Protein chains: 2
Amino acid sequence: MDKRILNNYFHSLFPIEKEIVQNITKTFKHFQLDKNTILLAKNKISTKTYFLEHGYMRSYILNEDNEEITTNIYTAPCFVNDFLSFFKQQPTKETYQTLSDCSFLETSLENVQTNFHNLPEFREFSRLLFVINYSKLNDRMIEMVSQKAKTRYLNLLKQNPHVFQNVSLKIIASYLGVTDSSLSRIRKNVSKM
Amino acid sequence: MDKRILNNYFHSLFPIEKEIVQNITKTFKHFQLDKNTILLAKNKISTKTYFLEHGYMRSYILNEDNEEITTNIYTAPCFVNDFLSFFKQQPTKETYQTLSDCSFLETSLENVQTNFHNLPEFREFSRLLFVINYSKLNDRMIEMVSQKAKTRYLNLLKQNPHVFQNVSLKIIASYLGVTDSSLSRIRKNVSKM
DNA sequence: ATCAGCACTTGACAAATGACAAGAAATTAC
DNA sequence: GTAATTTCTTGTCATTTGTCAAGTGCTGAT
């Protein structure tokens, strides 16, 4: 099976030898999911690390009014991993759902552990992945507390314009922390400038 | 020097042998800072991992209007680490400042790397620290987008009441993502219930 | 002891966003 | 192809939060 996208992802983050990457990625297995399918449901324990090769996904929670709050939007290629559930083997708080037809590669916790403890390069890679994810989340948090909705919308539009062709505005609205009617008004306001 | 608090912190997170913890913590060095001192300034490259043994700290950024936005409040005992700056050796976006007299333990990137690659238990510990920090940040982000200011205030009051005795309301307000006048009104409203 | 500055509160008003409802447009199911 | 469902927009009004300015009281420097 073709693992070029996954292999390239390793090389893009970090100088690492081709053979080592192939050694790491050989345990990853391909699979596909249709649009609007649950990859990992709330309260389940995550047993895999997923690499999203093609497509769009999101994670979401239900608030006290049973409304879905989108906590993250994933654009391929990227890793999709519920860190807390996967590494501490405890139930997820979030549900992970495809937003388009998606193709994935997955590997087990056992394989991750073997590589983590045996391959110094994989250790460095996984730590770097944590650092990058943490930093992205921190940036988003800062944006949420210090910018208004219109700025957050414009930033997303600039950084990830393709999301708007692939993800419904309702989902994008909750990701931006506003209602769908507010987002609609913001878009109207932006378009006439 | 007494490293009981640091050693206990390791044991509290994770089942790990006493000798291994002592081996890890032996490279940590004590130091102290007065209230309102900069531990790590914006645009500097972090060279140390810090463990806050006693006291309160915060990290903050300046927004476009040159107002300080508190991005995190640290309550001892805990690790204080700018992951991106420390592990990627790039300039920080945030400034780290003490909010009370503080005592710290610090160790260098070289020591962290040695332990990370030589001690399986330390690898597991550092990954767990990442997982916990990521998860906390994610919870806070969800709270920010889905709860209103009053709820966020009440949650902080419940989870960390001591912060209110040690950190000014102005700083807590910006941490909660509201202005200090709003927080003042929220407190007034809460107190008369 | 005094003065300057800071933290906190409060008032009046403005701006941003939410809640709800209705209708148009797009998508999906059969 | 048609009906049902969902998405998106828009209107009205309420609520939340911000902005600005003033006033009080505390604290720290000299």
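Whatever comes next refers back to the structure up there.
Residues numbered from 1 in each chain as written. Chains lettered and ligands numbered in written order. Predicted model: local features only at pLDDT ≥ 70, side-chain atom pairs only at ≥ 80, totals over all residues. Heavy atoms only, no water.

Caption draft 1: Layout of the interface of chain A and chain B. Across the boundary between the two partners, chain A contributes 36 residues, which contact 36 residues of chain B. Across the chain A to chain B interface the summed buried area is about 3,600 Å²; carbon plus sulfur atoms make up 67%. Our enumeration of links across chain A and chain B arrives at 2 salt bridges. Of all the elements in the fold, those that place two or more residues in the side of chain A that touches chain B are β5 (68–75), α3 (83–88), α4 (109–118) and α5 (120–146) of chain A. Ranked by the residues each element gives to the side of chain A that touches chain B, the list is headed by α5(A), at 19 residues. When the residues that make up the side of chain A that touches chain B are grouped by side-chain class, the tally is 17 nonpolar, 10 polar and 9 charged. (Contact = heavy atoms within 4.5 Å. Buried area = accessible area lost by both parts, 1.4 Å probe. Salt bridge = Lys/Arg side-chain N within 4 Å of Asp/Glu carboxyl O. Helix = DSSP H or I, 4+ residues; strand = E, 2+ residues; numbered from the N terminus. Nonpolar A, V, L, I, M, F, W, Y, C, P; charged D, E, K, R; others polar.)

Caption draft 2: Focus on the protein's contact with DNA strand C. The immediate surroundings of DNA strand C are formed by 15 residues, with A149(A), S182(A), R185(A), L169(B) and S184(B) found nearest. Expressed as a percentage, the sugar and phosphate content of the atoms of DNA strand C within 4 Å of the protein is 78%. Between T179(A) and DNA strand C, the recorded distance is 3.1 Å, taken from a backbone N or O atom to a phosphate oxygen. Side-chain polar atom of S182(A) to a phosphate oxygen of DNA strand C: 2.7 Å apart, as the coordinates give it. (Near = heavy atom within 4 Å. Polar contact = N/O pair within 3.5 Å; in protein donor to acceptor, adjacent residues only side chain to side chain.)

Caption draft 3: A look at the side chain of S59(B). Residue and element names in this part refer to chain B. Examined against the element boundaries, S59 turns out to sit in strand β4 (residues 56–62). A relative accessible area of 0% places S59 in the buried class. At 3.3 Å, the side chain of S59 forms a polar contact with the side chain of E94. Those residues in contact with S59 that lie beyond four places of it in its chain are I69, T70, T71, N72, Y74, E94, T95 and Y96. (Buried < 20%, exposed > 50% of the residue type's maximum accessible area, 1.4 Å probe, protein only.)

Caption draft 4: Highlighting the packing of aromatic side chains. Considering all chains together, one arrives at 38 aromatic pairs over all chains under this definition. Between F31(B) and F104(B), the aromatic rings sit 4.9 Å apart at their centres with planes inclined by 15°, giving stacked as the arrangement. Residue F31(B) is found in strand β1 (residues 29–33), and its partner F104(B) is found in strand β8 (residues 102–108); the two are separated by 73 residues along the sequence. Accessibility assignment for this pair places F31(B) and F104(B) in one class, buried. Each member of the aromatic cluster is reached from another via a ring pair, and the members are F83(A), F86(A), F87(A), F130(A), Y134(A), F83(B), F86(B), F87(B), F130(B) and Y134(B). Just above the ring of F116(B) sits the side chain of R127(A); from NZ or CZ to the centre is 4.2 Å. (Phe/Tyr/Trp six-rings, centres within 6.5 Å; stacked < 30°, edge-to-face > 60°. Lys NZ or Arg CZ within 6 Å of the ring centre and 35° of its normal.)

Caption draft 5: Fine view of the packing of helix α6 (residues 149–159) of chain B against helix α9 (residues 180–191) of chain B. Residue and element names in this part refer to chain B. Where α6 contacts α9, the two axes come as close as 10 Å, and the packing angle between them is 75°. One way to sum up the angle between α6 and α9 is to call them roughly perpendicular. Side by side, α6 and α9 meet where A149, K150, Y153 and L154 of the first sit next to L183, I186, R187, N189 and V190 of the second. Looking at the contact of α6 with α9 residue by residue, the class counts come to 6 nonpolar, 1 polar and 2 charged. (Axes fitted to C-alpha atoms, helices over the stretch in contact; angles between N-to-C directions. Parallel < 35°, antiparallel > 145°, perpendicular 65-115°, else oblique.)

Honestly, it's all geometry; don't read function into it.
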